[in-house]
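Results of the structural survey
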Amino acid sequence: MSNNYQLYIGGKWVKAEQSFEVSNPATEQVIASVSQASEADVIRAIEAASGAFGEWKRKPVDTRAAYMHSAAAAILLNLEELAELLSREQGKPLPESRAEVEWTAKTMTYYAELAKNESGRIAPAAGNTQLNLIIKEPYGVVGAIVPFNYPLLLLMWKMAPALIMGNTLVIKPSELTPLCTLRMLELCFAEYPRGVINCVTGFADVGRVLVNHDDVPVIAFTGSTETGVNIIRDSAAKNKKLHLEMGGKDAFVIAPGADVELAASAIAWSGFYNSGQVCTSTERVYVPRGVHDEFVRALVSRVEMLVLGDSSKGDFDLGPMISAKAHEKLDKHISNALENGAILETGGGKSMYFEKGHFYTPTVLSGVDHDMLCMREESFGPLVSVMAYDDFDEAIALVNDSLFGLGACCRTGDPLLAKKFYENVKAGTIWINDPLPDNIAAPFGGMKMSGNARELGMEGLDSFVEIKHVHWDFDLAAKDHWVGI
Ligand code: NAD
């Protein structure tokens, strides 16, 4: 594919009438022109996916799994090209892009094998002549709407379970990072039967066509809570199956007695990895009052070690943020905190070392409270805010004093405190001591305004099937309670 990227509909690359530009966030240079799907283009993609559904769902699971394995092998074969493109459009360091591509392939092989063990069940019947089957069926066309921060991986968390269970797909990548998805489809998915996978690029209006269309029974969405709520509103009248993975405001509690130096090392990583643009980035830290100052010094010294750079020029700790708009939100959170008495410990604005690119200096605030935006809204950037607490129960109450419930971490060597933490914190993932890792076999997702679904593991497979109960009586004789007997 040249630098002109097209729509993928019914197995063909199609040029739309209009296009938009994608820039490298490290240089702000335009790197590609991408077709901007019209409503008619999206409808054609939905029709292609609907047309392919019957045949795809009837294929034996082994056949669908073989397609998955061969695409996964192709992804690994093209790992370096895909990783470089991902870094160029998203800005993350190359090793992080390589890890994302590798995990994208692993997700496919995991679900290909898991689905081979998937079966319905037989419920105990009320009578001897009856069979009660509980069967799982694919929905049909899945609309997969994806954000900018992990464009390949978060697509695959939807695409792999949806495809292996017999659904077909219309993919809507982020307008900020569509390139690696289109290139992956071209390099690795050309063998799939026409129409099983389709991809339409563009802005919110493209996603809205999917959300509103009668022939897309499932919307699998990852993105901001604001967009998720719009999707709920737009689809309410159609009672669509909504699989929503939304924003977070993850907390990290350093329990009494925990080593603050080690906690600082963990947080300098979990708060700033991918420039803080991970849905489960550590954004709020609660530390015992007695060790607050020691912890802040330890955190600042580590955060100041982080080196920013353009991934095409070497190995750096952090890349740029995705856009100037993302900077504005961080600036707003920081100035609101400072106006209300917080202390800027380090960082606090666009990096002065770069003429171009959306590089933001890693920032730590202390002296914050829950009235400040930096503790209430998702910051989604390289900003960690630190607050002192007096006792562990208060810390747990502070963690739960949030609209969000995606992840939360506690550092402690005390098993009773660890248990109290995971039993009382309302969040979909709890990390004790080691923040951020996901496990392909364990469900991931949020509570409260962070979402309503689970991806990965068996739960991620079940998200893409409809459950049906079949009551079958072999006895053709009339029942006593029928009318006219
Ligand atoms: P976003 O909500 O701006 O966009 C996500 C996608 O939705 C894009 O493809 C966009 O074009 C599309 N979209 C926008 N408006 C739409 C509408 N009305 N109808 C249909 N589609 C629409 O999110 P983003 O800025 O790309 O990603 C960052 C956000 O994603 C953060 O809030 C982050 O926490 C969240 N996120 C959550 C998870 C999770 O698993 N919970 C994982 C990664 C990112």
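Quick caveat: nothing in here was measured; it's all calculated off a predicted structure.

1. A closer look at the packing of helix H2 (residues 61–77) against helix H6 (residues 179–188)
Two elements in contact, H2 and H6, have axes whose closest approach is 9 Å; the angle formed by their N-to-C orientations is 115°. In the packing of H2 onto H6, the handedness of the crossing is right-handed. Where H2 abuts H6, its residues Ala-71, Ala-74 and Ile-75 lie against Met-184, Leu-187 and Cys-188. When the residues that make up the contact of H2 with H6 are grouped by side-chain class, the tally is six nonpolar, no polar and no charged.

2. What about the layout of surface pockets?
Approximately 1,500 Å³ is the volume attributed to the largest pocket. Along the wall of the largest pocket there are 43 residues; nearest its centre are Gly-223, Ser-224, Glu-226, Thr-227 and Lys-325. Among the elements of the structure, helix H7 (204–212), strand S11 (218–222), helix H8 (225–235) and helix H11 (324–339) are those that each provide at least two residues to the lining of the largest pocket. In terms of residues, the lining of the largest pocket owes the most to one element, H8, which gives six residues. Considered class by class, the residues forming the lining of the largest pocket number 19 nonpolar, 12 polar and 12 charged. Each of domain 1 (4–246 + 451–470) and domain 2 (250–432) contributes no fewer than three residues to the lining of the largest pocket. Counted as a void, the second largest pocket has a volume near 370 Å³. Among the secondary structure elements, those contributing two or more residues to the lining of the second largest pocket are helix H4 (94–116) and helix H5 (151–164).

3. Side note on the nonpolar core
Judged by nonpolar contacts, the single largest core of 70 residues is most densely connected at Ile-75, Met-159, Phe-189 and Tyr-192. The biggest single contributor to this core is H5, with 11 residues. Contact partners of Ile-75, with chain neighbours within four places excluded, come to Leu-82, Val-101, Thr-104, Ala-105, Met-108, Met-156, Met-184, Cys-188 and Phe-189. Formed by 33 residues, the second largest nonpolar core is a distinct cluster that contains Met-321, Leu-330, Met-372 and Ile-396.

4. Here we look at the confidence of the model for the chain
Residues of the chain with pLDDT of at least 70 account for 100%, and the chain-wide mean is 97. Averaged pLDDT values for the elements of the chain fall to 95 in strand S6 (residues 121–123) and rise to 99 in strand S10 (residues 197–199).

5. Description of empty space enclosed by the protein
The final tally for this structure, using the stated rule, is three cavities of 30 Å³ or more. A volume near 70 Å³ is recorded for the largest cavity. Residue lining of the largest cavity: 15 residues in total, with Arg-284, Val-399, Phe-404, Gly-405 and Gly-407 positioned closest to the centre. Of all elements in the fold, only strand S13 (250–254), helix H13 (392–400), strand S18 (404–405) and strand S19 (407–411) reach the threshold of two or more residues within the lining of the largest cavity. Approximately 40 Å³ is the volume attributed to the second largest cavity. For the lining of the second largest cavity, a count of residues per class yields five nonpolar, one polar and two charged.

6. Section: the site of the ligand
Around the ligand lies a shell of 28 residues, among which Glu-175, Ser-224, Thr-227, Met-246 and Glu-378 are the nearest. At a separation of 2.8 Å, an oxygen atom of the ligand approaches a polar side-chain atom of Lys-172. One of the side-chain nitrogen or oxygen atoms of Thr-227 is found 2.7 Å away from an oxygen atom of the ligand. Alone, the ligand offers 860 Å² of accessible surface; in the complex the protein occludes 91% of this. If you map the ligand onto the pockets, it falls in the largest pocket. Put simply, the parts of the chain that give the shell around the ligand at least two residues each are H7, S11 and H8. By residue number, the principal contributor to the shell around the ligand is H7, which donates three residues. Considered class by class, the residues forming the shell around the ligand number 14 nonpolar, nine polar and five charged. Counting residues domain by domain, the shell around the ligand receives three or more from each of domain 1 (4–246 + 451–470) and domain 2 (250–432).

What counts, and at which threshold
Residues numbered from 1 in each chain as written. Predicted model: local features only at pLDDT ≥ 70, side-chain atom pairs only at ≥ 80, totals over all residues. Heavy atoms only, no water. Axes fitted to C-alpha atoms, helices over the stretch in contact; angles between N-to-C directions. Helix = DSSP H or I, 4+ residues; strand = E, 2+ residues; numbered from the N terminus. Left-handed = near helix turned anticlockwise from the far one by under 90°. Contact = heavy atoms within 4.5 Å. Nonpolar A, V, L, I, M, F, W, Y, C, P; charged D, E, K, R; others polar. 1 Å grid on protein atoms, 1.4 Å probe; cavity = no way out; pocket = protein on both sides within 12 Å on 5 of 7 lines; lining within 4 Å. Points joined across faces, edges and corners; volume = space filled by probe spheres on them. Domains from an automatic or database assignment. Core = buried A, V, L, I, M, F, W, Y, C linked by side-chain atoms within 4.5 Å. Buried < 20%, exposed > 50% of the residue type's maximum accessible area, 1.4 Å probe, protein only. pLDDT = per-residue confidence, 0-100. Near = heavy atom within 4 Å. Polar contact = N/O pair within 3.5 Å; in protein donor to acceptor, adjacent residues only side chain to side chain. Areas by Shrake-Rupley, 256 points an atom, 1.4 Å probe, with all protein chains shown as cover. Sits in = over half its atoms within 2 Å of the grid points.

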